[in-house]
Amino acid sequence: MKYQHLYVVIEHEDGKPVPVSLEMLGEARRLMDGYNKRYSADEKVVAVVLGNNVRKLCEELIFYGADAVIYADSAELLHTRNLIDTKVISQIATNKELANEFSDVPRFVKPRYMFFSADNVGRQLSSTILAELESGLASDINKLVIEDLEIRHEHKTKGQAMKYERTLEMYRPDFSGFLWTTILCLDNRNPAIEREYHPQACSIIPGVFAPLERDALRRGKIVDFAPKFDERDLRVKIINRKIVKSAVDFDSKKAVVSFGRGIKDSPEENIKLVGELARLLEAEVGISLPISKKPFIVSDGASSTYMIPDRVVGTSGRKVAPLLYIAAGVSGAMQHIAGMKEAGFVVAINPDENSPIKHECDIFIRGRMEDVIPLLLEELRKKKPEIKVKK
Ligand SMILES: Cc1cc2nc3c(=O)[nH]c(=O)nc-3n(C[C@H](O)[C@H](O)[C@H](O)COP(=O)(O)OP(=O)(O)OC[C@H]3O[C@@H](n4cnc5c(N)ncnc54)[C@H](O)[C@@H]3O)c2cc1C
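Every residue gets a number counted from 1 within its own chain, in the order that chain's sequence is written. Local features in this predicted model are restricted to residues whose pLDDT is 70 or higher, and side-chain atom pairs enter the listing and the counts only when it is 80 or higher, whereas totals over whole chains, interfaces and linings include all residues. Side-chain measures here rest on the full set of heavy atoms in the structure, leaving out hydrogens and waters.

Draft legend 1. Highlighting the site of the ligand. Around the ligand, a shell composed of 31 residues is seen, among which R261, S288, S316, S331 and S355 lie nearest. Contacts described as polar in this section are N or O atom pairs within 3.5 Å, which, within protein, must combine one atom able to donate a hydrogen with one able to accept it, while residues neighboring in sequence count only if both atoms come from side chains. Here an oxygen atom of the ligand and a side-chain polar atom of N350 are 2.8 Å apart. The side chain of S355 places a nitrogen or oxygen atom 2.8 Å from an oxygen atom of the ligand. Lining residues are defined by having an atom within 4 Å of a point belonging to a cavity or pocket. Those points lie on a 1 Å grid over the protein atoms alone, cavities being sets where a 1.4 Å probe fits but cannot get out and pockets being open sets with protein on both sides within 12 Å along at least five of seven lines. A molecule is said to be in a cavity or pocket once over half of its atoms fall within 2 Å of that pocket's grid points. Placement of the ligand is best described as lying within the second largest pocket. By convention in these notes, a residue is near a molecule or strand provided one of its non-hydrogen atoms lies within 4 Å of it.

Draft legend 2. Main features of the environment of H5. Among the secondary structure elements, H5 is positioned in strand β1 (residues 3-9). Residue classification places H5 among the buried residues on the basis of a relative accessible area of 0%. Ignoring sequence-local partners within four residues, the contact set of H5 consists of D42, E43, K44, V46, F102, S103, V105, F108, P111, R112 and Y113. Of note is the side chain of H5, whose polar atom sits 2.9 Å from the side chain of S103. Only DSSP runs of H or I covering at least 4 residues are called helices, and only runs of E covering at least 2 are called strands; the numbering of each starts at the N terminus. Accessible area is worked out with a 1.4 Å probe on protein chains only. A residue is then buried under 20% of its type maximum, exposed over 50%, and partly exposed in between. Residues are treated as being in contact if the distance between any of their heavy atoms lies within 4.5 Å.

Draft legend 3. Up close: the pattern of salt bridges. Whenever Lys or Arg places a side-chain nitrogen within 4 Å of a carboxyl oxygen from Asp or Glu, that contact is recorded as a salt bridge. For the structure on display, the rule yields 27 salt bridges. Here R29 and D67 are joined by a salt bridge, their closest N and O atoms 3.0 Å apart. Residue R29 is found in helix α1 (residues 19-38), and its partner D67 is found in the loop between α2 (55-63) and β5 (68-73); the two are separated by 38 residues along the sequence. Of the charged contacts, one joins K382 and E379 as a salt bridge, the two residues approaching to 2.9 Å between their closest N and O atoms. Taken together, the residues span about one helical turn, with K382 and E379 both in helix α10 (residues 369-383) at a distance of 3 residues.

Draft legend 4. Up close: the nonpolar core. Residues belong to a common nonpolar core when they are buried Ala, Val, Leu, Ile, Met, Phe, Trp, Tyr or Cys residues joined through side-chain atoms within 4.5 Å. Counting residues in hydrophobic clusters, the biggest one holds 36 residues, and the most contacted among them are V8, L25, V49, L61, F115 and L144. Broken down by element, the residue count for this core peaks at 8 residues, all from α1. Excluding residues that lie within four positions of it along the chain, V49 makes contacts with I10, H12, V54, L57, C58, L61, V69, I70, Y71 and A72. Judged by nonpolar contacts, the second largest core, of 29 residues, contains I70, L77, F108 and L234.

Draft legend 5. Molecular detail of helix α3 (residues 82-93). Compared with the 16 Å implied by 1.5 Å per residue over 12 residues, the 16 Å span of α3 between its first and last C-alpha is a close match. All of the buried residues along α3 are I84, D85, T86, V88, I89, S90, I92 and A93. One less than the residue count of a helix, multiplied by 1.5 Å, gives the span that helix is expected to have.

Draft legend 6. Molecular detail of the sheet that holds strand β9 (residues 161-174). What makes two strands pair is DSSP finding at least two bridges between them. Taken together, 3 strands build an open sheet; the order of strands is β8-β9-β10 and the sheet is antiparallel. Sheet topology places β8 (143-152) and β10 (179-183) at the edges, where each strand pairs with a single neighbour. Taken pair by pair, the neighbouring strands of this sheet meet at an average axis angle of 40 degrees, ignoring direction. Its contacts with the sheet put α1 on β8 and β9, and the angle it makes with β8 is roughly 45 degrees. Every angle, taken between N-to-C directions, lies between 0 and 180 degrees, and every axis is a line fitted to C-alpha atoms, over only the stretch in contact when it is a helix.

Draft legend 7. Spatial organisation of the domain arrangement of the chain. Domains are outlined according to an automatic or database domain assignment. Segmenting the chain into domains produces domain 1 (3-234) and domain 2 (255-383). Placing the centre of domain 1 and that of domain 2 at their C-alpha centroids yields a distance of 36 Å. Across the boundary between the two partners, domain 1 contributes 13 residues, which contact 12 residues of domain 2. Once two parts are joined, some of their accessible surface, as seen by a 1.4 Å probe, is lost; buried area is that loss totalled over both. For the pairing of domain 1 and domain 2, the buried interface totals around 810 Å² over both sides, and the portion due to carbon and sulfur atoms is 56%.

Draft legend 8. Seen up close, the packing of aromatic side chains. Two aromatic rings, drawn from Phe, Tyr or Trp (for Trp, its six-membered ring), form a pair once their centres lie within 6.5 Å of each other, and the interplanar angle then sorts them: stacked below 30 degrees, edge-to-face above 60, tilted otherwise. This structure, assessed with the given rule, holds 5 aromatic pairs. On the basis of an interplanar angle of 55 degrees and a centroid distance of 5.0 Å, the ring pair of Y35 and Y39 is categorised as tilted. Residue class for Y35 comes out buried when judged on its relative accessible area of 2%. Seen from their ring centres, F259 and Y306 are 6.4 Å apart, and the 90 degrees between their planes marks the pair as edge-to-face. Here F259 is found in strand β13 (residues 255-259), whereas its partner Y306 is found in helix α8 (residues 302-306), with 47 residues between them in sequence. Judged by its relative accessible area of 0%, F259 is buried. Y306 gets classed as buried once you look at its relative accessible area, which sits at 18%. Within the aromatic cluster, the residues linked to one another by ring pairs are Y35, Y39 and Y113. For a lysine, the NZ atom is tested; for an arginine, the CZ atom; a charge sits over a ring if that atom is within 6 Å of the ring centre and within 35 degrees of the ring normal. Over the aromatic face of Y113 sits the side chain of R112, whose NZ or CZ is 6.0 Å from the ring centroid.

Given below as structure tokens:
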């Protein structure tokens, strides 16, 4: 077959895999085990690693579910750079000799499926690689199923009902996370526009899938790939690299108070209430994504203090795990929930009992934050009389 295996592009920091890489491997293993059984096949989960002196990582990836690891080792690949990474991964994905190192696939052209992480690196890399491989990409996916489907489509099948076997159904949350879209990457079988689309590829939301238990008895093959570069590939140079530590401290604070678009009726007043609640609880302040994308107009410095990307909780922001998480005026879209589901105890303040956050919290306070937070502040001040009221 021309298209085989599931390639998973691994991200790591100095040889330590970022969590989503192991999560993708776990899901890839589960999918391909089911696939091989169903189709009596022997297709592999293949991890793709770019780096320098990270062979130990490759061994670990086998313990976490990979059948094979294709490893491109070069000083030029020490840190991620889109231009060069795109070239190397595209070379790997189309290299028949490499695929034949771990399976007998003389007609190999490209992987059947391909996974990337839906973080800052993976979102960009997945789009440039799939452009290079001339196939489609579904982004921000959080559910995957392999199915045989009957498709009838005006353009794809010229209106005829046709069977598409082994199709990857890629689900993503849409419309603020409350509806699902299923994305398919299908060959054009209409003779007028005939062409194939492989790999079927997607980027995967961090924190959605569970990694496998590490199993040091698991065996697999590490295949070395010597990448070749020319001057043009190396024209983006890393002169200096500094990891900027965020001033927003979600890690050491025991509580996080987040606000969302529910502040809309009186943004200025509500932000002050949230700020005061956070101060009394010695909490950090978080926000939902739309607050940073489209900050509310307020007269004082709250825009630059609070409505900033660094405070976003969720798949496009930070993952937090405080003992207490208060969500005021946040509806509970799954992209937000993915960032706070490790919190110990969750309180939601929201007038709408049908908000999804109701199913994600330990206490749901039905009410407007303008009314509820002052009552909480009053009680907290009684408990902490030494704290002066801040007008
Ligand atoms: C690819 C992608 C990635 C995304 N990543 C993230 C992410 O990382 N983080 C994130 O947060 N979102 C993310 N989103 C957006 C997400 O889907 C939702 O649109 C967003 O979380 C909704 O923000 P919200 O809860 O503030 O607003 P809304 O959904 O508008 O909810 C506002 C809530 O406030 C309540 N409310 C109204 N008045 C009051 C009041 N007076 N007092 C209290 N409550 C009130 C309403 O009942 C409602 O439940 C992403 C979306 C996509 C497509």
